[in-house]
Amino acid sequence: MNTKPVEDQIVQAMKRVEVEKIIKEILSNVDMVKNFDKISSYMDKLMEKSGEIIKLYQTISSINEKCQSAKQTYNLLRDQLNLLRNNLSEYKNAIQNGDTILADVYKKQIQTSIDTVTKKKTELIKNLQLINSSSKTYIQKSDQIRNSITNESTKEIGDDSKLAQNLKEEASGIESLVGEKNEHFKQVKLVENQSQVNIDRIGHLNSFSFEEELPQKLEEQLINWEDALRDYKSLEIPKVEESRNTSAKEFKLLDTVKQVMNDGVLGMVVEDMNAVSNRTFSLEGLPSKEKYISTNDEKVLAIDKTTNSILLNEYLLEYLSNYKDKNNTYELEYIIGGKPSDKENLSIVAEKLLLVRQVMNYTYLISDTEKREMANQMAMAVLGVTTIGVAAVPIVSTLILMAWAYAESVNDVKALFSGEKVPFIKTKSNWKLSLEGAAKGEWTKVKKNDKGFDYLEYMRILLFLRSRDSKIYRGLDMIQLHVCEKAPEFRIANCLYQLEADAVIQAKSMFLSFPFLKNFKSNGFSEYIFEEKIAYQY
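Rules of the game
- Residues numbered from 1 in each chain as written.
- Predicted model: local features only at pLDDT ≥ 70, side-chain atom pairs only at ≥ 80, totals over all residues.
- Heavy atoms only, no water.
- Helix = DSSP H or I, 4+ residues; strand = E, 2+ residues; numbered from the N terminus.
- Buried < 20%, exposed > 50% of the residue type's maximum accessible area, 1.4 Å probe, protein only.
- Contact = heavy atoms within 4.5 Å.
- Polar contact = N/O pair within 3.5 Å; in protein donor to acceptor, adjacent residues only side chain to side chain.
- Axes fitted to C-alpha atoms, helices over the stretch in contact; angles between N-to-C directions.
- Parallel < 35°, antiparallel > 145°, perpendicular 65-115°, else oblique.
- Left-handed = near helix turned anticlockwise from the far one by under 90°.
- Nonpolar A, V, L, I, M, F, W, Y, C, P; charged D, E, K, R; others polar.
- Phe/Tyr/Trp six-rings, centres within 6.5 Å; stacked < 30°, edge-to-face > 60°.
- Lys NZ or Arg CZ within 6 Å of the ring centre and 35° of its normal.
- Salt bridge = Lys/Arg side-chain N within 4 Å of Asp/Glu carboxyl O.
- Expected span 1.5 Å × (residues − 1).
- pLDDT = per-residue confidence, 0-100.

1. Some remarks on the overall build of the chain
Alright, step 1. Along the backbone of the chain there are 18 helices and five strands.
Alright, step 2. With 538 residues in all, the chain has 44% of them scored as buried.
Alright, step 3. Taking contacts inside the chain between residues at least 6 apart in sequence as the whole, the part at least 24 apart equals 79%.

2. As for helix H17 (residues 455–465)
Alright, step 1. Among the eleven residues that make up H17, eight are buried, leaving the element largely enclosed by the rest of the structure.
Alright, step 2. You can read the cap of H17 off the contacts: a side-chain oxygen lies 3.2 Å from the backbone nitrogen of Leu456, and it is on Asp454.

3. A closer look at the packing of helix H13 (residues 342–365) against helix H15 (residues 393–417)
Alright, step 1. Axis separation between H13 and H15 bottoms out at 7 Å; the angle between their running directions is 130°. Relative to H15, the element H13 is oriented oblique. Both H13 and H15 take part in a crossing whose hand is right-handed.
Alright, step 2. Residues belonging to the contact of H13 with H15 are distributed by class as follows: 15 nonpolar, four polar and three charged.

4. Quick look at the packing of aromatic side chains
Alright, step 1. What the rule picks out here adds up to 14 aromatic pairs.
Alright, step 2. Between the aromatic rings of Tyr315 and Tyr319, the centroid separation amounts to 4.8 Å while the plane-to-plane angle is 40°, which identifies the pairing as tilted. Here Tyr315 and its partner Tyr319 are both found in helix H11 (residues 309–319), four residues apart, which amounts to about one turn of the helix.
Alright, step 3. Taken together through their ring pairs, the aromatic side chains of Tyr323, Tyr330, Phe417 and Tyr455 make up a single cluster.
Alright, step 4. Here the basic side chain of Lys426 rests over the ring of Trp431, its NZ or CZ set 5.2 Å away from the ring centre.

5. Focus on the pattern of salt bridges
Alright, step 1. Summed over all chains, the structure comprises 20 salt bridges.
Alright, step 2. In this structure, Glu314 engages Arg460 in a salt bridge whose closest nitrogen and oxygen atoms are separated by 2.7 Å. Of this pair, Glu314 sits in helix H11 while Arg460 sits in helix H17; the two residues are 146 residues apart in sequence, bridging distant segments of the chain. For the residue pair Glu314 and Arg460, the accessibility class agrees, reading buried in each case.
Alright, step 3. When the shortest N-O distance is used, the salt bridge between Asp412 and Lys426 registers 3.0 Å. Within this pair, whereas Asp412 is found in helix H15, its partner Lys426 is found in the loop between H15 and helix H16 (435–439), the two being separated by 14 residues in sequence.

6. Comments concerning the environment of Lys186
Alright, step 1. Tracing the backbone through its elements, the reader meets Lys186 in helix H7 (residues 183–203).
Alright, step 2. Sequence separation between Lys186 and Ile139 is 47 residues, and the spatial gap between their C-alpha atoms is 9.5 Å.
Alright, step 3. Ignoring anything within four residues of it in the chain, the contact list for Lys186 reads Glu180 and Lys181.

7. Concerning the side chain of Asp412
Alright, step 1. A relative accessible area of 0% means that Asp412 is categorised as buried.
Alright, step 2. Polar side-chain contacts of Asp412 include one of 3.1 Å to the side chain of Arg357.
Alright, step 3. Apart from the residues lying within four places of it in its own chain, the contact partners of Asp412 are Arg357, Asn361, Val422, Lys426 and Lys432.

8. Here we look at the environment of Ile202
Alright, step 1. Secondary-structure assignment places Ile202 in helix H7.
Alright, step 2. Sequence spacing of Ile202 and Ala228 is 26 residues, and the spatial spacing of their C-alpha atoms is 6.3 Å.
Alright, step 3. Beyond its immediate chain neighbours, meaning those up to four positions away, Ile202 contacts Lys121, Leu124, Ile125, Leu128, Leu229 and Tyr232.

9. Topic: the packing of H11 against helix H18 (residues 468–484)
Alright, step 1. Viewed as axis vectors pointing N to C, H11 and H18 meet at an angle of 30°, and their least axial separation amounts to 11 Å. One element, H11, and the other, H18, form an angle in the roughly parallel class. The handedness of the crossing between H11 and H18 comes out as left-handed. Contacts between H11 and H18 involve Ser309, Leu312, Asn313, Tyr315 and Leu316 on the former and, on the latter, Arg468, Lys471, Ile472, Gly475 and Ile479.
Alright, step 2. Taken together, the residues of the contact of H11 with H18 break down into five nonpolar, three polar and two charged.

10. Side note on H15
Alright, step 1. End to end, H15 covers 36 Å across 25 residues, agreeing with the expected 36 Å (1.5 Å per residue, within 8%).
Alright, step 2. Judged by how many residues are buried, H15 sits mostly within the fold: 24 of 25 residues are covered.
Alright, step 3. Once H15 finishes, Gly419 follows within two positions and takes phi at roughly 95°, a positive value.

11. So, the confidence of the model for the chain
Alright, step 1. For the chain, per-residue confidence averages 78 on the pLDDT scale, and residues scoring 70 or more make up 75% of the total.
Alright, step 2. Of all secondary-structure elements in the chain, the lowest mean pLDDT belongs to strand E2 (residues 298–301), at 42, while helix H12 (residues 331–337) reaches the highest, 95.
Alright, step 3. Here residues 242–251 is a poorly scored stretch, pLDDT under 50, and it has 20 contacts once near neighbours within four places are set aside; other chains count.
Alright, step 4. Below a pLDDT of 50 lies the segment residues 519–523, which in the model reaches ten contacts outside its immediate sequence neighbourhood of four places, other chains included.

12. Some words on the environment of Asn147
Alright, step 1. Tracing the backbone shows Asn147 in helix H5 (residues 100–151).
Alright, step 2. Owing to a relative accessible area of 40%, Asn147 belongs among the partly exposed residues under this scheme.
Alright, step 3. In this structure, the C-alpha to C-alpha distance between Asn147 and Glu175, residues 28 residues apart in sequence, is 8.6 Å.

Written as structure tokens, this is what we have:
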């Protein structure tokens, strides 16, 4: 394959930028770079599960309230049973004394007590069912969170990296808050069992029936009820701290992160969305949709496997237009996004740049003792509002660090889109956002920075993460679309990329015949026939 002319062009272009420095930076963090998607996904998972645990602990407060309500109803039911027994005793005395008027009074009070006991029994069963249902929900949700974290493997993101170890520790911490060894989990599990036992024990009790002639029958029923309630299992779980008032700014950071994650980052990092290209195009008939050719009854990829990936990246960076160009078409962004819309592709690039920066920024934050302490202090403040308990401080602190890294990353991407540079690896001196500024939502105040990588250099990182085949085909897509602007019928598929020729040369004999030359007679003349086969491809 003769690719030297193209390679020479690319090499000359590479001399104009610090490609070697950028590639070394990527390779020095290659395990992390290769797994940006997985690491970012895992971080998002931890953030999501941390938030779910906060809500889960709020469920404990709700279960506690239901237990208190059940306890009050139980006490009222016991009081009514005592009142019923007293009324029955007075009724029997009145009958024995022949006082029919007083007997009628107590008979009415007995009926009122029976109605009240029946009502309180129904209330108690309902409360117990709510406790049982809430406890089951808590246990089920705890298991889901724990299993989700446990099933998320960190092996693919580099077990030996500091980031991987930190994420493992945080995952372990989350599991400890919802695992079977956690005191709250054990108590809620006990409450679930006790509530079901109480439902079974009280639920089978028959309604009271009062017959004037057989008051002893009501007394037998009372004994059954009293025995059942005597064995009633008390419902107690560790009390979770009550809420206390704190400043709303402590939540703005977490709330804003959720909003940006839901709404998308492009609107926050582009100053003028009206200036973003609205170009759309059809993917129909593009090379990426017709990747295979038939040869000898076998379908194979129509590209050469020896293409140099680094040179390919540099070719794409040199010859495809991008967001920072003045012609306002995003060909390079299409290589990353693959969508038939410039805006969609730009949005995908923004999101991928965000996850690259999120991973790198969080990696720095966990190494900075001072910033970790800031997050720890905010976590203790936030816990008062979320009623999660002191044991969860490290988890909420990590949640805040991730949100802080996210906020810094939005600022970084905003800077890249504004033409500024962003260091690939952050330090104390080039970190931009304070925790207070992040908490206030001051994310996109871009500061001028002449050190680091610019937009195109970060695009080089994104290209590094793309598969070679997809880059080749999407590059061909853009070439075809570009040529079609002047020649609408042009198709890459119709281009000649390989030529083979067989040549047969026939000549009259001019010298003596030699044994190693093949001699033929044709029309009475001696002739020599030479066969030559040549091939060229690019």
